[in-house]
Amino acid sequence: MHTSLSQHHSNAPHGWPEGALVYQVYPRSFQDTNGDGVGDLPGITQRLPHIRSLGANTIWISPFYPSPMADFGYDVADYCDVDPRLGTLDDFKELMKEAEANKLRVFTDLVPNHTSDEHAWFKQSCASRDNPYSDWYVWCDAVGNDSSGNPLPPNNWRDALSGDSAWEWSPQREQFYLHSFNVHQPDLNWSNPQVREAIKDVMRFWLTLGVDGFRVDAVYWMAKHPLLHDDSINQEYVEGEDLKYEALAHDNSRGWPAVYAYLTEMADVLKEPQFQDKPRFMVTEAYPDRHNALPAYMNFYASVDPAVAAPFNFEGLTLAWHAAEWRKFLKSFHSALEQFSARCIASYAFGNHDQPRIASRLGEPAARSAAILLLTLPGMVFLYYGDEIGMKDVPIPTEFIQDPAANGDPKHHLGRDPERTPMQWSAERNAGFSDAKQPWLPIADDYQTHNVDAESQDGRSILSLYRLLGNKRASEASLLHGDLHVLDIENDEVLGYTRTSDGTASDFAVFINFSAEVAVFEPTVQLGKLVVSSDPQSELTAVLPDVITLRPHEAVLCYLA
Ligand code: NOJ
C-alpha cells in the first residue's frame, strides 16, 4: 500500500535541474597536467569523459580563482580570473567547450560572504575609514582594552575554522574586521548595496562565459545581527571533544532573515533577459539545525524563487543511517515540498570536500547501498569526486596537514584534508594523478586496487554500480522526474519506496536494508525484474520472489510490474 505521498509534477518536468546528477570536482585534487603536484583546469577537461561515463549531466567545480590558498581557494583574491597554478581563463573556456561536447553543464563556486585579505577591495578598505571601499567589509571599533592594553572585540563570535575569535585587529585602520572563517577571509558587508552589486557583477561575468549556474558558499553568514549581539552558549558543547567553534550556538553571527533578500537579488540575476538562452540555477550551502532541519529547508523554498534556486539537502551527511529516520524524513520533506509548490527541487548531497567520506562513515557495504539511495532520489543529486570508486578518508601525517580547520579540532587535529586527497585514476605512480615527486596531499594506500582503471575492469566494483545507476537515472523518466512514494514495509530495518510517472515509462522500486543483519520482508507492491543489487554476493536473481531476503546492508533497485 502506498502512503499518500507524492510529488505531482511528473507531467511538468523542470528541465535539466530535475533529476540532475551533479559531479563535484575539487580541482586541486582531480588531475594534475603540469607536474606541480596540484590539479588544474586542463586536468578536469582531460577527465570529462570519466564524469560523463557516470551518467552525470552537470559538474560543479570548487573554486579555481586567484587565491593565496589560506582556505584552498575559498579565500578569493580575484573573482574573475583563474589562479595561475590551476590554469588560465582560456583553459576555462576550453573546459566549457569540452563540457558542452560531453553534454555536461557547469556550475562554478560562488563565494559571496568573504574575500581573501589579498583582494584589492580589502586592501583598499583597510587603508582608511573614508575611501570608496571603507564600508565594504564588517569593521568595528574596540570596546575597550584588556589588562595588557590589547583592544577588545565587540562580541564573542568565533571563526568557524579555528574556533578562535572571529575578530582581527587592523593596526592600519585601528579597528577590528570580522572573519567568520579564516583570519585571511574578511567578511564582506552585505548590507552595503555596492557590495551586493559587485557580487552580482561577478555572477554576470561567469554567466556570460556560459556557466549554467552556481554552487553558492556559506550563505547563512551573509546576514548577521545588525547590532552584533553575542552568540548564545551551546549547552551541549563538550570541551576537548567537539570542534572549538561548537562552543557557541551561532544564533546572532549568522542566519538573519536578510539572507533571503540577498539570495533573492542573486536569483534575480539568473532571470535577467540576457541569460535566458538556457535555464540557469543555483544551489546554496547552508547546514540546517540538525534537530530541526525541515523548517530551514522549507524557509528557503518559501523565500527564494524555486524555479532558479534550491538549498542543499544535507540529510545524507547528517541523518543517522537508520531506515526509520530515512522513512520519516523522506515522507515529511517530500510531502512538505509537494504541498508548498510543484516547482521545488530537492538537492541531495551525501558527500563534499568538508565532510568525512561516505565509505569511511558507513563502511563499504553501506556505501554501496547509499549509492542506490542517492541515485534514485528525486531532484538533483550531488556526487563528490572519488566516492564513485569508494575512496576513503586518508590519514594525513602531521607534517603534511594543510587545512587551517585542523587547528579547530582539539580531538583529532584532522581538518578536512583526509577527504581531499588526490583522485585515484590508476595503479601507476601517484595513482595517475600527477608526475610530481610529491602531490600536495598524500595518495591513499589502497590506490593500487581502488582506482578507476582497475574498477572499470570489474563488473562488481562500486564504480560499475555507480555507472549503471547514473546511466539508468539519466535515461528513465520515472527516475528523472517521477513521484516518490514511501512504502509501509513491515520490517523496521528496511526502507522501501517507488518512483513512478504517468504514461508508458517504466516505474521503479527501491529497497534498502539499513542493518548488518539479513532482512526479510514483503515488498507490498507488484515487482518486475531486478535492475541491480548493491551487493555482489546477492542471492537475488532477475525474477524476484514474493518475500524478499536482503543480505546485510544490501539495497536493490527493481522494476515495478
Ligand atoms: C564552505 C566551504 O565548503 C568550505 O570549504 C570553506 O572553508 C567555507 N565555506 C568558507 O568559504
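Residues numbered from 1 in each chain as written. Predicted model: local features only at pLDDT ≥ 70, side-chain atom pairs only at ≥ 80, totals over all residues. Heavy atoms only, no water.

1. Some remarks on the site of the ligand
What counts, and what does not: Being near a molecule or strand, for a residue, comes down to having at least one heavy atom within 4 Å of it. Side-chain atoms alone can form a polar contact between residues adjacent in sequence; in general such a contact is a pair of N or O atoms within 3.5 Å, and within protein one must be able to donate a hydrogen while the other accepts it. In short, Shrake-Rupley with a 1.4 Å probe defines the accessible areas, and a residue's cover is counted only from the protein chains shown. Residue polarity is assigned by list, with Asp, Glu, Lys and Arg as charged and Ala, Val, Leu, Ile, Met, Phe, Trp, Tyr, Cys and Pro as nonpolar; anything else, Gly included, falls into the polar class.
Every residue near the ligand is listed here: Asp 71, Tyr 74, His 114, Phe 181, Gln 185, Arg 215, Asp 217, Glu 285, His 353, Asp 354, Arg 416 and Arg 420. Here an oxygen atom of the ligand sits 2.7 Å away from a polar atom, N or O, in the side chain of Asp 217. Here the ligand, which alone exposes 290 Å², has 98% of that area covered by the protein. By residue class, the composition of the shell around the ligand is two nonpolar, three polar and seven charged.

2. Describing the packing of aromatic side chains
Using the following cut-off: Planes of paired rings set the category: under 30 degrees apart is stacked, over 60 is edge-to-face and the rest tilted, where pairs are Phe, Tyr or Trp rings (Trp by its six-membered ring) whose centres lie within 6.5 Å. Here the term buried applies to any residue with accessible area under 20% of the maximum for its type, exposed to any over 50%, and partly exposed to those in between, with areas from a 1.4 Å probe on protein chains only. Each helix corresponds to a stretch of at least 4 residues labelled H or I by DSSP, and each strand to a stretch of at least 2 residues labelled E; elements are numbered beginning at the N terminus. Ring-over charges, as used throughout, are those where CZ of Arg or NZ of Lys falls within 6 Å of the ring centre and within 35 degrees of the ring normal.
Evaluation of the coordinates by the stated rule reveals 40 aromatic pairs. Between Phe 64 and Tyr 65 the ring centres are 4.7 Å apart and the planes differ by 45°, which places this aromatic pair in the tilted class. The buried category is assigned to Phe 64, whose relative accessible area is 0%. Ring centres 5.1 Å apart and planes at 20° place the aromatic pair Phe 329 and Phe 333 in the stacked group. Here Phe 329 pairs with Phe 333, and both are found in helix 9 (residues 323–340), just four residues apart, close to one helical turn. Owing to a relative accessible area of 1%, Phe 333 belongs among the buried residues under this scheme. Of the aromatic side chains, those joined through ring pairs into one cluster are Tyr 297, Trp 326, Phe 329, Phe 333, Tyr 348 and Phe 350. Positioned above the aromatic ring of Trp 440 is the side chain of Arg 28, whose terminal nitrogen or guanidinium carbon lies 4.1 Å from the ring centre. One cation-aromatic arrangement involves Arg 357 over Tyr 385; the distance from NZ or CZ to the ring centre is 4.8 Å.

3. Re the sheet that holds strand 10 (residues 347–349)
Quick reminder of the rule: Think of it this way: DSSP has to see at least two bridges between two strands before they count as a pair. Each axis is a line fitted through C-alpha atoms, taken for helices only over the stretch in contact, and angles between the N-to-C directions span 0 to 180 degrees.
Judged by pairing direction, the sheet is parallel, and its eight strands sit side by side in the order 9-8-7-3-2-1-11-10 without closing on themselves. Two strands bound the open sheet, and with one partner strand each, they are strand 9 (309–311) and strand 10. Averaged over neighbouring strand pairs, the angle between their axes works out to 25° when direction is ignored. Note: strand 7 (residues 213–216) against strand 8 (residues 281–284), four bridges, orientation parallel. By the bridge assignment for strand 8, Phe 214 is matched with Met 282.

4. Quick notes on the confidence of the model for the chain
The test is simple: On a scale of 0 to 100, pLDDT captures the predictor's confidence in every residue. Note on contacts: a residue pair qualifies if any of its non-hydrogen atoms lie within 4.5 Å across the two residues.
Residue-level pLDDT values for the chain average 95, and 98% of them are 70 or greater. Mean pLDDT across the elements of the chain bottoms out in helix 8 (residues 315–318) (94) and peaks in strand 1 (residues 21–25) (99). Contacts of residues 1–12 to residues separated by more than four positions or lying in other chains number 45 contacts, the stretch itself having pLDDT below 50.

5. What about the sheet that holds strand 5 (residues 167–170)?
Sheet strands pair via backbone hydrogen bonds, and the direction of the pair is either parallel or antiparallel. A sheet is described by the order of its strands in space; here three strands give the open sequence 4-6-5, paired in antiparallel fashion. The sheet is open, and its two edges are formed by strand 4 (139–140) and strand 5, each paired on a single side.

6. Quick look at the pairing of strand 12 (residues 483–486)
Here strand 12 shows a buried face lined by Asp 483 and His 485 and a second buried face lined by Leu 484 and Val 486. Bridging between strand 12 and strand 13 (residues 494–500) involves four bridges; their strand directions are antiparallel. Bridge pairing links Val 486 to Tyr 497 in strand 13.

7. Section: the pairing of strand 11 (residues 380–384)
Most of strand 11 is tucked away: five of the five residues are buried. Burial of the side chains of strand 11 extends over both faces: Met 380, Phe 382 and Tyr 384 are buried on one face and Val 381 and Leu 383 on the other. As defined by bridge partners, strand 1 adjoins strand 11 across four bridges and the pair is classed as parallel. Along strand 11, the bridge assignment pairs Leu 21 with Val 381. Bridging between strand 10 and strand 11 involves three bridges; their strand directions are parallel. Within the sheet, the bridge partner assigned to Ser 347 lies in strand 11 and is Met 380.

8. Re the environment of Gly 351
Inspection of the secondary structure assignment puts Gly 351 in the loop between strand 10 and helix 10 (358–362). The spatial distance from the C-alpha of Gly 351 to the C-alpha of Leu 383 is 6.8 Å, given a sequence separation of 32 residues. For Gly 351, the contacting residues outside a window of four places in its chain are Gln 24, Leu 317, Arg 361, Tyr 384 and Asp 387.

9. Describing the side chain of Glu 419
The condition that has to hold: Under the counting rule used here, the positive set is Lys and Arg, the negative set is Asp and Glu, and His together with the chain ends is not counted. Each reported salt bridge corresponds to a side-chain nitrogen of Lys or Arg within 4 Å of a carboxyl oxygen of Asp or Glu.
The residue Glu 419 is located in the loop between strand 11 and helix 12 (452–456) in this model. Arg 420 provides the closest opposite charge to the buried, unpaired Glu 419, separated from it by 5.4 Å. Separated by 3.0 Å, the side chain of Glu 419 and the backbone nitrogen of Gln 355 make a polar contact. The residues contacting Glu 419, other than those within four sequence positions of it, are Asn 352, His 353, Asp 354, Gln 355, Pro 356, Arg 357, Tyr 384, Tyr 385 and Asp 393.

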